[in-house]
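Chain residues, written in single-letter form:
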Amino acid sequence: DGGITQSPKYLFRKEGQNVTLSCEQNLNHDAMYWYRQDPGQGLRLIYYSQIVNDFQKGDIAEGYSVSREKKESFPLTVTSAQKNPTAFYLCASTLGAATTNEKLFFGSGTQLSVL
Amino acid sequence: SQQGEEDPQALSIQEGENATMNCSYKTSINNLQWYRQNSGRGLVHLILIRSNEREKHSGRLRVTLDTSKKSSSLLITASRAADTASYFCATAFSGNTPLVFGKGTRLSVIA
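Because the structure is a prediction, the values reported are computed rather than measured.

J.: Let's hear about unusual backbone geometry: which residues, and what values?
T.: Along the chain, S7 of chain A connects to P8 of chain A via a cis peptide bond; the corresponding omega equals -10°. By the secondary structure assignment, P8 of chain A is in the loop between β1 (4-7) and β2 (10-13). Positive phi, normally seen in glycine, also occurs at N28 of chain A, with a value near 60°. For N28 of chain A, the position within the fold is in the loop between β3 (19-25) and β4 (31-37). Owing to a relative accessible area of 52%, N28 of chain A belongs among the exposed residues under this scheme. Of note, K70 of chain B is a non-glycine position whose phi angle comes to about 55°, a positive value.

Okay, here's the thing in structure tokens:
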């Protein structure tokens, strides 16, 4: 089945620890995105990548880092600099690199909590 | 913020009734999209309406766009309990920028 796979579904972070959220897609999509969702809130863009080995900051990039070494993979690292990391993290992709007029395909999300 | 704003924040209706959600935005858009999210899940794309379109239909969904008022509405007709979810509008501005999401409307359909 084609789609976007996020893992793990639940993740716990200790204070001062970096954690990495995985996102893999087999849709052959060019662009990939990371969004953060807080309870009762909309989605806020963390980072996005329109092509391999390139990525851009979104609205709330501080405390996060990404890499795009392969077309199908876009992992997100939540660093210790992110002081309020508890949230639901969503990975998405679009077929084309041009974001206008593209619809997003989403993974099923990772819930990150702080111990 | 360029974020769209949905109204109402929450809506509770009986099965069989129609549900209407509204979205307002601040600047000119290229297109507007509606997404659905079941609790604890990812979002699913429902419909895209371009700035030169006024209305689109998809099954029981009807979306309208009024660019002069910078607003859109999503109508779900003959609602079912399975329609219970959060619904988000997302706006695409001119240029190569990612979608910007609103805070969503939480719809509860009571059987």
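Right, picking up where we left off after that structure.
J.: Can you explain the packing of aromatic side chains? Please cite residues and give values.
T.: A complete count under the given rule lists nine aromatic pairs over all chains for this structure. Members of the aromatic cluster, connected to one another through ring pairs, are Y33, Y35, Y48 and F106 of chain A together with Y35 and F101 of chain B.

J.: Describe in detail the sheet that holds strand β8 (residues 76-78) of chain A, supporting the description with residues and values.
T.: All names here are of chain A. If you walk across this open sheet you meet the four strands as β1-β3-β8-β7, and the pairing is antiparallel. Of all strands in the sheet, those with a lone pairing partner are β1 and β7 (64-66), marking the two edges. Pairwise comparison of adjacent strand axes, ignoring direction, gives a mean angle of 20° for this sheet. In the sheet, β7 pairs with β8 via three bridges, with the strands oriented antiparallel.

J.: Could you give me a rundown of the pattern of salt bridges, with the residues and numbers involved?
T.: All names here are of chain A. Tallied over the full model, the rule gives six salt bridges over all chains. For the salt bridge of K71 with D30, the shortest nitrogen-to-oxygen distance reads 3.2 Å. Here D30 lies in the loop between β3 and β4 and K71 lies in the loop between β7 and β8, a separation of 41 residues in the sequence. Exposure remark for D30: the relative accessible area of 30% places this residue in the partly exposed category. One salt bridge in this structure joins R44 and D38, with 2.8 Å as the shortest N-O distance. Here R44 falls in the partly exposed class, since its relative accessible area comes to 37%. Because the salt bridges share partners, they merge into one network encompassing R36, D38 and R44.

Definitions and limits used
- For every chain, the first residue of the written sequence is number 1, and numbering continues from 1 onward in sequence order.
- Ligands are numbered from 1 and chains lettered from A, in the order in which they are written.
- Only residues with pLDDT of 70 or above have their local features reported here, since the model is predicted, and side-chain atom pairs are shown and tallied only from 80 upward, although totals for entire chains, interfaces and linings are computed over all residues.
- Hydrogens and waters are ignored; side-chain quantities use all the structure's heavy atoms.
- Strands here are runs of E lasting at least two residues and helices are runs of H or I lasting at least four, both read from the DSSP assignment and numbered beginning at the N terminus.
- Each residue gets one of three labels from its accessible area relative to the maximum for its type: buried under 20%, exposed over 50%, partly exposed in between, using a 1.4 Å probe on protein chains only.
- Side-chain rings of Phe, Tyr and Trp, where Trp is taken by its six-membered ring, are said to pair if the distance between their centres is within 6.5 Å; with planes under 30 degrees apart they count as stacked, over 60 as edge-to-face, and otherwise as tilted.
- By definition, two strands form a pair when at least two bridges between them are found by DSSP.
- Interaxial angle, 0 to 180 degrees, is taken between N-to-C directions of lines fitted to C-alpha atoms, where a helix line uses only the stretch in contact.
- Should a side-chain nitrogen of Lys or Arg be within 4 Å of a carboxyl oxygen of Asp or Glu, the pair is scored as a salt bridge.

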